[in-house]
Amino acid sequence: MKVAIVTGASSGIGRDLAILLARNGYSVVLASRRVDALERVAEMIRSAGGSAEIFKVDLSNVSEADKLVGSVVDKIGRLDLLVNNAGYGVYGPIDEVSTEEIHRIFAVNAISPAILISRAAGYMKKFGGGCIVNISTMAIYTPIPWLSLYDASKAALKTLTDTLRVELKPYGIRVIGVYPGYVDTEFHRNVVLTETSKKSGWNSGVSRFAPIMRSDQVAREIVKRIMDPEFNGDIVIGFSYKLLKRLSQHLGWLVNKALERMYIANLERLGLIRRKS
């Protein structure tokens, strides 16, 4: 039986991915900080006849990330699929984000995934191949004020994805990049707000350009591509988001202008800048 590690498996896309992978014959390693939530996901998988193991890990602690892959292989014996799904974000002016939060954002979204890939790739080479899935965000294609650190960390993951797709292909290791738009998950409900952003609430602005998606919808598309041994590329789900990506790449100034107007209007509404007469 093939073995998959899914980080951030306690809810949202990670939970739905784990359940679908188990239905498709994978023994799934559920990795997250929230053991109680992982136990509920594991029970859902096992009650349907699937196999699931729970590993508690805090990816803001890179030493824990460094141990995860080795611990899984020691216990289960192999690794065929790594899904870097966990994410962490802070929404607000950059001057209100603490040094600790900056470290946490980049640790969870970029550094720990890089460590997991580094360890997983070594085992996958020995096992004759595998698949790595990195879940980034459509936000890297649009400059969203107050979300700059999250965007930058996920952009680093995209660059890592693009480069490793070329580097690891000769070893039979596929590297898939996923760029979801606005998905209705706990991530958006749990984004940390700074003092200023608490006054306006969480609003990335992206949902004004395209519809809100469900996590199971995203998970189904990802698993479909994982199960296709010939697929080794990027996933953008939904016509609206594909169009937004294309516009951002070819008419970026237009998208930027729209986002800038929305941002300025928000600052004026909050009384942070004066409305121009």
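Residues numbered from 1 in each chain as written. Predicted model: local features only at pLDDT ≥ 70, side-chain atom pairs only at ≥ 80, totals over all residues. Heavy atoms only, no water.

Draft legend 1. Just the side chain of Arg104, in detail. Positionally, Arg104 belongs in helix 4 (residues 99-127). The contact partners of Arg104, leaving out residues within four places of it in the chain, are Arg33, Asp58, Ser60 and Tyr88. (Helix = DSSP H or I, 4+ residues; strand = E, 2+ residues; numbered from the N terminus. Contact = heavy atoms within 4.5 Å.)

Draft legend 2. Looking closely at the environment of Val223. Looking at the secondary structure, you find Val223 in helix 8 (residues 215-226). In this structure the C-alpha to C-alpha distance between Val223 and Asn134, which are 89 residues apart in sequence, comes to 13 Å. When neighbours within four sequence positions are excluded, Val223 is seen to be in contact with Leu17, Leu20, Leu21 and Asn24.

Draft legend 3. Highlighting the pattern of salt bridges. Applying the stated rule across the entire model yields 11 salt bridges. Between Asp162 and Lys158 there is a salt bridge, and its shortest N-O distance comes to 2.5 Å. Of the two residues, Asp162 and Lys158 are both situated in helix 5 (residues 148-168); the distance of four residues between them amounts to about one turn of the helix. On the basis of relative accessibility, which here comes to 26%, the residue Asp162 falls in the partly exposed class. The exposure class assigned to Lys158 is buried, which follows from its relative accessible area of 19%. When the shortest N-O distance is used, the salt bridge between Arg220 and Asp216 registers 3.1 Å. In this pair, Arg220 and Asp216 both sit in helix 8, four residues apart, roughly one turn of the helix. Judged by its relative accessible area of 27%, Asp216 is partly exposed. (Salt bridge = Lys/Arg side-chain N within 4 Å of Asp/Glu carboxyl O. Buried < 20%, exposed > 50% of the residue type's maximum accessible area, 1.4 Å probe, protein only.)

Draft legend 4. Representation of the sheet that holds strand 3 (residues 51-56) within the structure. One open sheet holds the seven strands; their spatial order is 3-2-1-4-6-7-9, and the pairing between them is parallel. The two strands at the open ends of the sheet, each matched to only one other strand, are strand 3 and strand 9 (234-235). As judged from the three bridges shared by strand 1 (residues 3-7) and strand 4 (residues 81-84), these two strands associate in the parallel manner. From the neighbouring strand, Val6 faces strand 4, where its bridge partner is Val83. Here helix 1 (residues 12-23) sits on the sheet and contacts strand 1, strand 2 (27-32), strand 4 and strand 6 (130-135); the angle it forms with strand 2, its principal contact strand, is near 165°. (Pairing = 2+ DSSP bridges. Axes fitted to C-alpha atoms, helices over the stretch in contact; angles between N-to-C directions.)

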